[in-house]
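Understanding the architecture of this molecule
Spelled out from the first residue to the last, the chains are:
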Amino acid sequence: MVSERATRTTPFAAMDVLERANRMDDVIHLEVGEPDFETPPAVTEAAVAALRAGETGYTSSKGKPELRNAISDYYDRRYGVDVAPERIVVTSGSSPALLLAFSALVDPGDEVVLTDPHYACYPNFVRQTGGRISTVPLSAEEGFRPRVEAFQRAVSDETEALLVNSPANPTGAVLDGPTLDELVGIADRADATVISDEVYHGLTYEGEDHTVLEYTDDAFVLDGFSKRFAMTGWRLGWMVAPPDYVGHVNRIAQNTLICAPNFVQSAGIAALGSGDDFLDEVRETYRERRDFLVDAVDEWDMSMGYTPGGAYYLLVDVSDLPGDAFDAADFFLEDAGVAMTPGPDFGANAAECLRVSYANSEEKLREASERIQRALERVEISAD
Ligand SMILES: Cc1ncc(COP(=O)(O)O)c(C=O)c1O
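Residues numbered from 1 in each chain as written. Predicted model: local features only at pLDDT ≥ 70, side-chain atom pairs only at ≥ 80, totals over all residues. Heavy atoms only, no water.

**Structural notes on the packing of helix 3 (residues 41-52) against helix 10 (residues 262-272)**
Here is the rule we go by: Fitted lines through C-alpha atoms give the axes, limited to the stretch in contact for helices. The angle between two N-to-C directions lies from 0 to 180 degrees. Per the convention used, a helix needs a DSSP run of H or I reaching at least four residues, while a strand needs a run of E reaching at least two, with both numbered from the N terminus. Crossing handedness follows the turn of the near helix against the far one: under a right angle anticlockwise gives a left-handed crossing, and clockwise gives a right-handed one. Contact between two residues is taken to exist if any of their heavy atoms lie within 4.5 Å; hydrogens are not considered. Classification convention: Asp, Glu, Lys, Arg as charged; Ala, Val, Leu, Ile, Met, Phe, Trp, Tyr, Cys, Pro as nonpolar; all other residues, Gly among them, as polar.
Running from N to C, helix 3 and helix 10 cross one another at 145 degrees; their axes reach a closest spacing of 8 Å. In this structure, the crossing between helix 3 and helix 10 has a hand that is right-handed. Contact residues: helix 3 offers Ala42, Val43, Ala46, Ala47, Ala50 and Leu51, while helix 10 offers Phe263, Ser266, Ala267, Ala270 and Ala271. Split into classes, the residues belonging to the contact of helix 3 with helix 10 amount to 10 nonpolar, 1 polar and no charged.

Laid out in structure tokens, this is it:
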């Protein structure tokens, strides 16, 4: 019989929309969280060289020592924090790292606190380990930035983990350092552990990125190469685990994942060693696209009155359109040829929204905006 856990796992709407949109002609894709940039050539060259050099066998389940050293250096260079390579476990993207963190931390019935809206897949990760979800509501009026008091109310003795994500998917909100520090204090007092998803670090346009490791060693950090180095399909990420958990995480990784692909790990070493030029350029381009889209959404009259500070997403309010957010997504896909993701997947507080991704060229964003504008004029005409 199919397990309850399997039946309770919900589909990932962005991927569903993508599959549907891919079967149609002339669709502009604003539904997926996938950089439209190419992986830096030096990274691809390193992977090819590694393949030619025969780097095709298993590696240590924690990852190649050279890559773990490079990740440790990255924390020192970028945040000035000392992370021992022994605490780093390399994974095939940050998604398996999330599963490892929950597997190592959460028992059936344990409470996991996360924000609403949140990344669509988080509840399914919690479900895989039998955890219980409690949410902290975020509002557009506050730019979807988590408030310390709201976390204080949500976290209790029942709480095992507190999951934060900055810059956030789907809102683009950025957590400032002092708030992150206070959240660490809240978790500490409740004997809970912070899990910090830092996969969009580097793509921050307002404020600065702060790793939770600046404030504590007793936290899980998930990060990876997908977003920052345009390497989504390479499947490479990592986890930094609290010292007491490393051995446990590693045993689960040894058994279930074995290791991340050998030659891809060499590509990761090249990516971390390639300097900041690629990221600086990409960040500037995303910032320009964000500014364009924020103005465009105002013109569509669907603005939520906030400006995302990072990642490449924006939530727009479609509650004035006929039907629900799924109908709105269908309408823009069918009538305008623009794919966007319905909000309900991201939590109750995004239920009346669409998530728009600006991981697409400015030319495509301009064209999408014109199409949306024209489609909205038709809605008004048909409503009359
Ligand atoms: C917030 C967040 N975390 C994790 C991931 C997973 O990324 P990957 O497994 O490619 O590292 C994504 C992907 O969209 C994401 O948006």
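**A word on the domain arrangement of the protein**
Using the following cut-off: A domain assignment, automatic or from a database, supplies the domain bounds used here. Once two parts are joined, some of their accessible surface, as seen by a 1.4 Å probe, is lost; buried area is that loss totalled over both. What makes a salt bridge here is a side-chain nitrogen of Lys or Arg within 4 Å of a carboxyl oxygen of Asp or Glu, nothing more. The definition of a polar contact used here is a pair of N or O atoms within 3.5 Å, where within protein one atom must be able to donate a hydrogen and the other to accept one, and adjacent residues in sequence count solely through side-chain atom pairs.
With domains assigned, the protein is organised as domain 1 (4-38 + 277-378) and domain 2 (41-272). The centre of domain 1, based on its C-alpha atoms, is set 25 Å off from the matching centre of domain 2. In this assembly, 35 residues from domain 1 lie in contact with 33 residues from domain 2. Of the roughly 3,000 Å² buried where domain 1 meets domain 2, counting both sides, 57% is carbon and sulfur surface. Our count for the domain 1 to domain 2 interface comes out at 1 salt bridge. Between Arg290 and Glu206 there is a salt bridge, with its nearest N and O atoms 2.9 Å apart. The interface formed by domain 1 and domain 2 includes 19 residue pairs in polar contact (both at pLDDT 80 or more).

**Side note on the site of the ligand**
Using the following cut-off: Throughout, near means a residue has at least one heavy atom within 4 Å of the molecule or strand. All accessible-area figures derive from a Shrake-Rupley calculation using a 1.4 Å probe, and residue coverage is judged against the displayed protein chains alone.
In the neighbourhood of the ligand, 13 residues make up the surrounding shell, with Ser95, Asp197, Tyr200, Ser226 and Lys227 lying closest. At 2.8 Å from an oxygen atom of the ligand is found a side-chain nitrogen or oxygen belonging to Asn169. When the free accessible area of the ligand is taken as 400 Å², the share hidden by the protein chains comes to 93%. For the shell around the ligand, a count of residues per class yields 4 nonpolar, 6 polar and 3 charged.

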